[in-house]
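Fold and geometry: a report
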Amino acid sequence: MTHTLSATPPRGRLYGLMSTLACFLLLAAVQVSAKDISVKDAASLLQNPPQGLTIVDVRTPAEFREGHLAGAVNMDFFGASFDSQILGLPKDKPVLLYCRTGNRSAGAYDAMEKEGITNILHMNEGITGWQKQGLPLQK
């Protein structure tokens, strides 16, 4: 009996390879989407916030006074005490993070992640996106 090598892999191996590839792509997509959330997702989250949620606004104190999300704490990303303030955040509790447009909060996200904070939800459209949706602010 002679065996011939086929140029096409057996169907089972091909499906297994495709399944593995699909899992890797899905994992990559989940890791990217887990970081950023839309304004709509943030608003929905705040309707029924998870236990221990901290809302962090990294704009300046003057911007914060103009209006912020209800319950938010102000940690000025450019302020001298920002690094020490993030050390006080719980590492295992969810943090909703935002700024004006998403730029400063992206930098704050990186700083928080370096300190071991793992459950960060970045509202990447910022407070300007929140206002465009006509959502309420607290002053």
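Here, the structure is the one placed above.
Residues numbered from 1 in each chain as written. Predicted model: local features only at pLDDT ≥ 70, side-chain atom pairs only at ≥ 80, totals over all residues. Heavy atoms only, no water.

A rise of 1.5 Å per residue sets the reference length of helix α5 (residues 103-114), with its 12 residues, at 16 Å; its end C-alpha atoms lie 17 Å apart and thus fit the reference within 8%. A positive backbone phi angle near 95 degrees is found at Gly116, which sits one or two residues after α5. (Helix = DSSP H or I, 4+ residues; strand = E, 2+ residues; numbered from the N terminus. Expected span 1.5 Å × (residues − 1).)

On to the environment of His122, then. As for its position among the elements, His122 is in strand β5 (residues 120-123). When its relative accessible area of 3% is taken as the criterion, His122 is described as buried. Considered as a pair, His122 and Leu97 are 25 residues apart in the sequence and their alpha carbons are 4.9 Å apart. Aside from chain neighbours lying at most four places away, what touches His122 is Lys35, Asp36, Ile37, Leu97, Gly102, Ser105, Ala106 and Tyr109. (Buried < 20%, exposed > 50% of the residue type's maximum accessible area, 1.4 Å probe, protein only. Contact = heavy atoms within 4.5 Å.)

Moving on, we come to the pairing of β5. Residues of β5 alternate between two faces, with Ile120 and His122 on one and Leu121 and Met123 on the opposite face, all of them buried. One ladder, built from two bridges, connects strand β1 (residues 36-37) with β5; its direction is parallel. Residue pairing across strands places Ile37 opposite Met123, the latter belonging to β5. Note on the crossover from strand β4 (residues 95-98) through α5 to β5: the handedness is right-handed. (Pairing = 2+ DSSP bridges. Right-handed = clockwise from strand over helix to strand, strands pointing away.)

A few words now on the packing of aromatic side chains. Taken as a whole, this structure holds two aromatic pairs when the rule is applied. Note on Phe77 and Phe82: the rings are 5.2 Å apart at their centroids and 80 degrees apart in plane angle, and the pair reads as edge-to-face. The exposure class assigned to Phe77 is partly exposed, which follows from its relative accessible area of 23%. Taken together, the aromatic side chains of Phe77, Phe78 and Phe82 make up a single cluster linked through ring pairs. The ring of Tyr109 is capped by Lys35, whose NZ or CZ atom sits 4.7 Å from the centre of that ring. (Phe/Tyr/Trp six-rings, centres within 6.5 Å; stacked < 30°, edge-to-face > 60°. Lys NZ or Arg CZ within 6 Å of the ring centre and 35° of its normal.)

Turning our eyes to something else, we now look at the sheet that holds β5. If you walk across this open sheet you meet the five strands as β1-β5-β4-β2-β3, and the pairing is parallel. Unpaired on one side and paired on the other, β1 and β3 (73-74) mark the two borders of the sheet. In this structure, strand β2 (residues 54-57) lies alongside β4, joined through four bridges in parallel fashion. Residue Asp57 lies in a different strand from β4, and its bridge partner there is Tyr98.

Regarding helix α2 (residues 39-47), the residues found buried are Val39, Ala42 and Ala43. The buried residues of α2 occupy one face: seen down the axis, they fall within an arc of 100 degrees. What points out from α2, more than 90 degrees from its buried face, is the exposed set Lys40 and Gln47. Elements that come into contact with the buried residues of α2 comprise β1, β4, β5 and α6 (126-132). (Arc of directions from axis to C-beta.)

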